[in-house]
Amino acid sequence: MMETYIFFALLGVGTGAMYGAFAVSLIITYRGCGVVNFATGAMAMFPTLVFVELRSTGDLVLPLVVVPSRFSLGSQISFFPALLIALTVGSLLAAVIYVLVIRPLRSSPPVTMMVATVGLALAIQGVAVKSFGNVTVRGEKILPDHVIELFGRPFPVDRLWILAAVLFLTLVVAAAYRLTRFGLATRAAFLNEKGALLLGLEPARLGFYNWVFASLVASTIGILGSSLGGVSPFSFSLFVVPALGAALAGRLRSVAVGIGAAVAIGSFEAVAVHIVSRRQVPSFLLGGFSSLVPFVVIIGALILVGRTLPNRAALTERAQVRVVLGRPKTLSWALMIFLGIVVLSSDDATIRFATIQSLFVTTLLLSIVVLTGYLGQVSLAQLSFAGFSAFMLSRFDSLVPFPFGPLLAILLTIALGTLVSVPALRVRGVQFAIVSFSIAVVFDDVLFRSPTFVGVGGLAQVERPRLFGLDLGIFGEGQFPDRRFGFIVLAGTVVCAAFVALMGSGGLGRRFLAVRSNERAAAAAGISVPRTKIIGAAFASGLAGVAGVMFAYKSVTFNGGGLDAQRGLELLALCYLGGIGSISGAVIGGLLAPSGLFIVAVLGGGSSTNQYLLTGLGLVLVAVKFPRGLAGLLSTMSNRLKVFREGGKFNEPKTPTTVGLKSSRQRSRFSYQNNFGRKP
Amino acid sequence: MALLEARGLSVRYGGLFANNSIDLECRAGQLVGLIGPNGAGKTTFIDAITGFTPVSSGEVVFDGVNLNDKAPNVRVALGLSRTFQSLELFEDLTVRDNLLVVAQRPKWHSVVTDVLWPGRDERKYHSQVRWALEMLQIESLAEAMPSDLSHGQRKLISVARSIVAKPQLVLLDEPAAGLDTAESHLLGERLRGLLAQDMSLFLIDHDMGLVLNVCDYIYVLDFGVIIAHGTPSEVRANPTVIAAYLGDSAGEAQAREGAALLSRESGSDAQSEMNQ
Ligand SMILES: Nc1ncnc2c1ncn2[C@@H]1O[C@H](COP(=O)(O)OP(=O)(O)O)[C@@H](O)[C@H]1O
Ligand SMILES: [Mg+2]
């Protein structure tokens, strides 16, 4: 019995070692650049695919779009040249990313940097799908993969080789950081950038080397492990979750603890898979029992050491994305609602359907605006909450009559969202993003893929909503999608937006922003920080719950597809693209959503890969250039126009339109944050 | 009766007693000062009083209520307010919003009322903000962003923010540090002005000049221990204080400066006393 567990634990060390390499890569980027890099997986995926392609067809594929990206180097390339070329491509990619994205963001808040890496991940995946196709390829074997007998079972030894390679690489990394001047400088810059400057070290250049080095570590292991499970454009992206768990266990500092934790996670996952196969867990958990392992590690690590995680000291003041609260403008609201009605009355069914899709996404983005824009908690789990609400509705709508089924679903979502936010109270910003991402993965694996949860045949179904004999569903009485249904969805979105606007124009909105801005000062202002965070989470999950109800009624039958963590990343990207700090941002994001109105009506649908790519690149651009998103850009332009028309000075007005990034650059004051979270 | 009372208050950071069994009282309507060299434990004392650092022993009583296991925001609701040495302004809010956040004391029903009726009492909060800005004579800064202001202005804003909710007692952590003599003098006047508004003040500084000039009662802290207390003239004449300030090896220069100030101030004050 025990032997079986040990056997499966050993089977898992290969995957665990890969997590470990990514954890090391995450730690290096965090120490060297102050970024939690969500693109770690994607940046390793690309060179790995390049390698596999070189070995199989001899074609060199570069991460380019528009211009040709595929060059034939003749026949299949042999191992070492292929490895060299692939790693070079990976390093060049990393270097370009650093120069174009990470360095310009050095003075932005850590959250903005992290969100930019989300955009990078999406963009790189988009490029990879364009260049390689969305298929999984299996690399030829690189490491010895013969099978030995262990406890009477066949055991492939390749995973031990992977483990050995990772351990070797870790030793190299540890030695490099401990023994060289470069390592010393990196550590010095982490603690005090100004001090590093005085020592004659350029923090930006150190960041560059660390960034490229980190990508090299992940790519090397990615290539070595490519024969283990195959690679696809999306394959390493979810490795970020267990890798983050391991990195956090090592307090984003200790490479050794990180590796140990990563291997343990891999082993436990393998054991969990075995336990599931023996049906020793409740049947509803069958789907994703093993994905609970990294989740538990992340939550545990953050609860235990969350407060004491090292903050990177920074030379420059970091300002959050500017949010302008105030009374909603009646005229623009009336105009938007009118336009909504016009479009929803269209004779073109695809236009009507696209509008409904946009309204659903807008409602969902409103929940991100509240939680992330106003309260500063970067959430990647809002889509999961919406999914939960949709499935709850499919369960209850046959038991309770129409208006109460959705209400019950929304209430349950609020309860769940609030409950989940309680353990996350101790964390904020980037750490919250990590927790919510792992929540999204767990929801997808445990709930949305579980037949027990989803429903018979893996398909959930909602009944047509009826009130006083009227069919209010999407099939309605007329053509699909029914206009009446469209108007109801519009009304729902408007009510949600009005709710957010009211919330933002009074004391509660100010308290949200105060908590986002400075938790110590907020507490000194008489604000209960935990209570405010819980309120924000409750409101945001309520909005997500409403969106979930819209999703369910719009889809009628649905499964867990399209509710995964990857889509959660995309959604956050959309929200930043539109403008994270405003309601108009959510509206713009909704219009730009996949299958949304703008895409369908203006771009005529367009390929989803292109859209994926553009969303990613757009997010990166927004993070670097326009922190307030397209909404902020529009309001700045309209302000300028107004000033211009009034013949006034062509100056950027100081208050509400200053873009956060700009003002942060203008600052000359230095501020250091040390581990106590105090400024000397 | 004392408004604020610390009894045997100790705060420990690892092996270091940053505050060691401090007994201290603030009376209503008074401006009480706490001086001591850098690292003496002054900020730690405010942190302990306001709930930002745990107390290892002793107790804090405010207005008859034991504060020991109350969260910081609860202490604020009881009428205790503070500034931070590092200011801790809400950098992404305008000065007005910085103050508005504090002007409203959230109640249990605020979640609902703030959403259903966001304009409720808003006028009252705005007039409170105007009042606080006027008290410190910085009305013109209302729409500015903190990051666009000078260090002195930012200090005044942090003081304005601490008084906007009209608390009973305001604890000020080195509000004059980094100000020049004229600015510091002006600040002293404005603080005395606040006492007339039913507010009591507790002032920390290592700038002797200000403390000795404006305070009604002074405590002297060194290495976490209260080494002397009394009225400004008593403290000025206290040999322990003079010795401590002269013998402080950690900040020799500063100590000398302090001592120089001490003698200068005592001279000028003696004069003013004679004039009376
Ligand atoms: N959070 C903390 N953790 C550990 N030691 C601290 C912490 N805060 C302050 N100290 C130490 O406590 C002592 C008193 O500090 P502080 O109260 O800031 O002094 P002051 O405000 O009088 O300059 C100093 O030696 C300081 O290093
Ligand atoms: Mg201090």
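These figures come from a predicted structure and were not determined experimentally.

I'm lost on the site of ligand 1 in this one. Help?
In the vicinity of ligand 1 there are 13 residues, among which Gly39, Gly41, Lys42, Thr43 and Thr44 of chain B approach most closely. Lying at an intersection of chains, ligand 1 is approached by residues of chains A and B. With respect to ligand 1, the backbone of Ala40 of chain B contributes an N or O atom lying 3.2 Å from an oxygen atom. Contacts to ligand 1 include Thr44 of chain B, whose side-chain N or O atom sits 2.4 Å from an oxygen atom. Isolated, ligand 1 exposes 560 Å² of accessible area, and the fraction of that covered by the protein chains is 73%. Elements with a minimum of two residues in the shell around ligand 1: β2 (16-27) and α1 (42-50) of chain B. In terms of residues, the shell around ligand 1 owes the most to one element, α1 of chain B, which gives 3 residues. For the shell around ligand 1, a count of residues per class yields 6 nonpolar, 5 polar and 2 charged.

Looking at this model, I keep getting lost on the side chain of Gln357 of chain A. Mind explaining?
Residue and element names in this part refer to chain A. Here Gln357 shows up in helix α15 (residues 349-374). Side-chain polar atoms of Gln357 contact the backbone oxygen of Pro594, separated by 3.2 Å. When near neighbours in sequence (up to four residues on either side) are disregarded, Gln357 contacts Lys554, Pro594, Ser595 and Gly596.

In this structure, what is going on with the coordination of the magnesium ion (ligand 2)? I would like to understand it.
Six octahedral donors around a metal ideally sit at 90 or 180 degrees from one another, while four tetrahedral donors ideally sit at 109.5 degrees. Residues and elements named next belong to chain B. Within the protein, the magnesium ion (ligand 2) binds to Thr43 (OG1) and Gln85 (OE1); these donor distances fall in the range 2.0 to 2.2 Å. You can see Thr43 sitting in helix α1 and its partner Gln85 sitting in the loop between β6 (80-82) and α3 (95-103), a full 42 residues away along the chain. Here Thr43 falls in the buried class, since its relative accessible area comes to 15%. Of the residues examined, Gln85 reaches a relative accessible area of 34% and is grouped as partly exposed.

Would you explain the environment of Glu519 of chain A in this entry?
All names here are of chain A. Relative to the helices and strands, Glu519 is located in helix α22 (residues 519-524). Between the C-alpha atoms of Glu519 and Val529, which are 10 residues apart in sequence, the distance is 6.8 Å. The residues touching Glu519, leaving out its near neighbours within four places in the chain, are Arg428, Val529 and Lys533. Only 3.1 Å separates the side chain of Glu519 from the side chain of Lys533, close enough to count as a polar contact.

Just checking my understanding: could you explain the pattern of salt bridges for this structure?
One side chain can pair with another of opposite charge once the charged atoms of both are near each other. On inspection of all chains with the given rule, the structure shows 21 salt bridges over all chains. With a shortest N-O distance of 3.6 Å, Arg567 of chain A and Glu570 of chain A are connected by a salt bridge. Of this pair, Arg567 of chain A and Glu570 of chain A both sit in helix α24 (residues 565-578), 3 residues apart, roughly one helical turn. Among the residues examined, Glu570 of chain A registers a relative accessible area of 10% and is labelled buried. Across the pair Arg27 of chain B and Glu25 of chain B runs a salt bridge, and its minimum N-O distance is 3.4 Å. You can call Glu25 of chain B partly exposed: its relative accessible area is 28%. Look at the salt bridges and you will find they share partners, linking Glu53, Asp59 and Arg70 of chain A into a network.

It is not clear to me how the confidence of the model for chain A should be interpreted in this structure. Could you clarify?
Note that predicted coordinates carrying low pLDDT should not be read in detail. In the predicted model, chain A carries a mean pLDDT of 83, and 91% of its residues have values of at least 70. This model gives residues 650-680 of chain A a pLDDT under 50, and the stretch forms 62 contacts once residues within four places in sequence are excluded.

In this structure, what is going on with the side chain of Asp205 of chain B? I would like to understand it.
All names here are of chain B. With respect to the helices and strands, Asp205 occurs in strand β8 (residues 200-205). Buried charge without a partner: Asp205 forms no salt bridge, and the closest opposite charge is Lys155, 7.2 Å away. A distance of 3.5 Å separates a polar atom in the side chain of Asp205 from the backbone nitrogen of Ala176.

What counts, and where the lines are drawn
Residues numbered from 1 in each chain as written. Chains lettered and ligands numbered in written order. Predicted model: local features only at pLDDT ≥ 70, side-chain atom pairs only at ≥ 80, totals over all residues. Heavy atoms only, no water. Near = heavy atom within 4 Å. Polar contact = N/O pair within 3.5 Å; in protein donor to acceptor, adjacent residues only side chain to side chain. Areas by Shrake-Rupley, 256 points an atom, 1.4 Å probe, with all protein chains shown as cover. Helix = DSSP H or I, 4+ residues; strand = E, 2+ residues; numbered from the N terminus. Nonpolar A, V, L, I, M, F, W, Y, C, P; charged D, E, K, R; others polar. Contact = heavy atoms within 4.5 Å. Donors = N, O, S within 2.8 Å, 3.2 Å for Na, K, Ca; no water. Buried < 20%, exposed > 50% of the residue type's maximum accessible area, 1.4 Å probe, protein only. Salt bridge = Lys/Arg side-chain N within 4 Å of Asp/Glu carboxyl O. pLDDT = per-residue confidence, 0-100. Lys, Arg positive; Asp, Glu negative; His and termini not counted.

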